[in-house]
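# Coordinate inspection notes
If you want the building blocks of each chain, they are given just below.
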Amino acid sequence: MIGKPSRFSAVSRRETALRVIGAFNCLLLSSVGMFPVFAANHESTALKSDLPAVTNAPTLLSQATGIETILLFDTSGYSVRVFEEGGRTLMNVFDRNEGVPRLEAGPTSNTVLAGNPTYISTGSYSGNTATYQVMVRGEDDLQLSIVRGDDRLIAEENAEAITVFEVPPERLEAQGETTLNFETDAYSVRVFERDDQSFMNVYNTFSGITEVNGAAANIAPNEPPYEQAISYVSSGARSDRPVKYFARLLSTGEAILEVYNVNNQRIFQESAVGPVTYDLSSLSPEDLPEDLSPVAAVQGDYVAAVFGGEGTLDEVMQLYPDARMEDTRLGPFVNAGNFNNEDSAAARVLELRGLGFNARVIYRDTDYR
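Small disclaimer: the values here were computed from a predicted structure and weren't measured.

## Some details on the overall build of the protein
Helix and strand counts for the protein stand at five helices and 22 strands. Taking all 369 residues of the protein together, 40% fall into the buried category. Restricting to contacts in the protein with at least 6 residues of sequence separation, those with at least 24 account for 42%. For the protein, the accessible surface area stands at approximately 21,100 Å², while carbon and sulfur atoms represent 50% of it.

What follows is the structure, given as structure tokens:
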């Protein structure tokens, strides 16, 4: 017979249960209190990153293989690189202040501005069309200009540190006076005089390749249908084949570029678009067709104006000998060139501003005087 549990046994069991619960609560409270102490004293372990260390972008560019650097320099805010790759001249411009590339491998042309060799490329800047211009005034004197499509000057900075300067010597020689200059849809053409000899540059704006680079040029015979034209001819290569380039100035003031193969077959022809500038004053009268005049000047509607007096005129004439003073309703200023379109006048104004002149484009309207 099983007896009833004693009162003592029931109490003991209740007390034992209470002691167990109390111990569990103490353990729980102690554990919760320990977590902050553990977190404060725990030493975190850094995760290994697979990303490369940040490196200066122009330095990476200079280490690329198969590329010949022409210019590598820093201004106060930009890193600039002009280089040759696959027969093409290209340009990179890196904005160090914003940490972004502004121009990447932009096709680049060689030209002469204000008597200085200049590399020019067209790209964009913050969503707007922009022109990037590197003027070479000497081995220790480079200037970067960035101009928006609406002629707003974004930046104009001189080089502060030049790492690479490998401009071909022939580019640094005196470039001479321009005899004929025009652009077609696909080409930029320039004929210039130096030491009583004519030379020609032909730059392919699509491929970025200079197909004729300062090659000697001669006046070609006036054969039909170009009896009333001045035609300069120079030799070059197109698609690795020898060809002849003809830069022709017609009596109407228009211009044409033609390319002929070795069999004297015309393989390319394109008329000028935009303004045609020429100066035939260096030619003898027998070289000129009767309908052409040695005076260069077709008066355009847009004027590159420089504000100043006779002292300013003397300075501008050192760059552009045909500059002259004009007195209009806007007041007196130096006329540094007449152009048939605003873009060409703006390019001249940009050159002048780069040299420190107060210049702007003026439209020659009916109230000009």
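## Some details on the confidence of the model for the protein
Per-residue pLDDT for the protein averages 76, and the proportion of residues at 70 or more is 72%. For the stretch residues 23-64, pLDDT sits under 50, and the model shows nine contacts to residues farther than four places along the chain or on other chains. Confidence drops under a pLDDT of 50 for residues 293-299, and excluding neighbours within four residues, the segment shows 14 contacts in the predicted structure.

## Some remarks on the packing of aromatic side chains
All told, the structure shown has four aromatic pairs when counted by the stated rule. With a centroid separation of 5.3 Å and an interplanar angle of 70°, the aromatic rings of Y187 and F268 are classed as edge-to-face. Here Y187, found in strand 11 (residues 187-194), pairs with F268, found in strand 17 (residues 266-271); they are 81 residues apart in sequence, far enough to count as distant. Judged by its relative accessible area of 1%, Y187 is buried. Between F192 and F199, the ring centres sit 5.7 Å apart and the planes meet at 25°, which makes this aromatic pair stacked. For the residue pair F192 and F199, the accessibility class agrees, reading buried in each case. It is R81 that lies over the ring of F83; its NZ or CZ is 4.5 Å from the centre. R102 extends its terminal NZ or CZ atom over the ring of Y125, reaching a point 4.0 Å from the ring centre.

## Overview of the pairing of strand 1 (residues 68-74)
Burial analysis of strand 1 places five of its seven residues in the buried class, the great majority of the element. Where strand 1 and strand 2 (residues 78-85) come together, six bridges link them in antiparallel fashion. Paired with L72 across the bridge in strand 2 is R81. Counting the residues that bridge the hairpin from strand 1 to strand 2 gives three residues.

## What to know about helix 5 (residues 342-354)
Since one α-helical turn is 3.6 residues long, residues separated by three or four positions face the same way. The end-to-end C-alpha distance of helix 5, which contains 13 residues, comes to 18 Å, matching closely the 18 Å that a straight helix rising 1.5 Å per residue would cover. Taken together, the buried positions of helix 5 are occupied by S344, A345, A346, R348, V349, L350, E351, L352 and G354. In the stretch just after helix 5, G356 is the one whose phi turns positive, near 95°.

## Things to note about the environment of G253
Inspection of the secondary structure puts G253 in the loop between strand 15 (241-250) and strand 16 (255-260). Note: C-alpha distance between G253 and P275 (22 residues apart in sequence) is 9.4 Å.

## Overview of the sheet that holds strand 19 (residues 302-306)
Spatially, 20-21-19-22 is the arrangement adopted by the four strands of the open sheet, whose pairing is antiparallel. The sheet is open, and its two borders are formed by strand 20 (324-328) and strand 22 (359-363), each paired with just one other strand. Ignoring strand direction, the axes of neighbouring strands in this sheet form an average angle of 45°. Bridge count for strand 19 against strand 22 is five bridges, and the pairing is antiparallel. Bridge pairing in strand 22 places Y302 opposite Y363.

## Some remarks on the environment of R194
Assignment of secondary structure puts R194 in strand 11. Placed 16 residues apart in sequence, R194 and T178 show a C-alpha to C-alpha distance of 9.3 Å.

## What to know about the pattern of salt bridges
All told, the structure shown has seven salt bridges when counted by the stated rule. Measuring nitrogen to oxygen at the nearest pair gives 3.2 Å for the salt bridge that ties R137 to D141. In this structure, E351 engages R348 in a salt bridge whose closest nitrogen and oxygen atoms are separated by 4.0 Å. Residue E351 and its partner R348 are located together in helix 5, separated by three residues, close to a single helical turn. Under the relative-accessibility criterion, E351 is labelled buried at 9%. Classification of R348 by relative accessible area gives buried; the value is 18%. Ionic contacts of the salt-bridge type, sharing partners, join the residues R248, E258 and R266 into one network.

## Here we look at unusual backbone geometry
Cis rather than trans, the peptide bond between P224 and P225 has omega equal to 5°. Its place among the elements puts P225 in the loop between strand 13 (209-219) and strand 14 (229-238). Located in the positive-phi region is S126, a residue other than glycine, with phi close to 50°. Structurally, S126 can be placed in the loop between strand 5 (116-125) and strand 6 (128-138).

## Some points on the sheet that holds strand 10 (residues 177-183)
Reading across from one edge, 17-16-15-14-13-12-11-10-18 is the order of the nine strands in this open sheet, with antiparallel pairing throughout. The open sheet terminates on both sides in strands that have one partner only, identified here as strand 17 and strand 18 (273-278). Put simply, the sheet's adjacent strands are angled 20° from each other on average, direction ignored. Direction of pairing for strand 11 relative to strand 12 (residues 197-204): antiparallel, over a ladder of eight bridges.

Rules behind the numbers
Residue positions are given per chain, counting from 1 as you read along its sequence in written order. Given that the model is predicted, a residue must reach a pLDDT of at least 70 before its local features are reported, and side-chain atom pairs must reach 80 or more before they are shown or counted; all residues, however, enter totals for whole chains, interfaces and linings. Excluded from the side-chain calculation are hydrogens and water; included are all heavy atoms of the structure. Numbered from the N terminus, helices here are DSSP runs of H or I no shorter than four residues, and strands are runs of E no shorter than two. Burial here depends on accessible area, computed with a 1.4 Å probe over protein chains only, as a share of the maximum for the residue type. Under 20% is buried, over 50% is exposed, and the range in between is partly exposed. What makes two residues a contact is simply this: any of their non-hydrogen atoms within 4.5 Å. Here the accessible surface of atoms and residues is derived via Shrake-Rupley with a 1.4 Å probe, and residues count as covered only by protein chains that are part of the display. Known as pLDDT, the predictor's per-residue confidence is scaled from 0 to 100. Stacked, tilted and edge-to-face pairs are distinguished by plane angle, under 30 degrees for stacked and over 60 for edge-to-face with tilted covering the rest, among Phe, Tyr and Trp rings (Trp via its six-membered ring) whose centres lie within 6.5 Å. Lysine and arginine charges are scored as sitting over a ring when NZ or CZ, respectively, is within 6 Å of the ring centre and within 35 degrees of the ring normal. In this scheme, strands are said to pair when DSSP sees at least two bridges between them. Expected helix span is computed as 1.5 Å times (number of residues minus one). Geometry is summarised by axes, namely lines fitted to C-alpha atoms with helices restricted to the contacting stretch, and by angles between N-to-C directions that run from 0 to 180 degrees. Each salt bridge in this description consists of a side-chain nitrogen of Lys or Arg and a carboxyl oxygen of Asp or Glu lying within 4 Å of one another.

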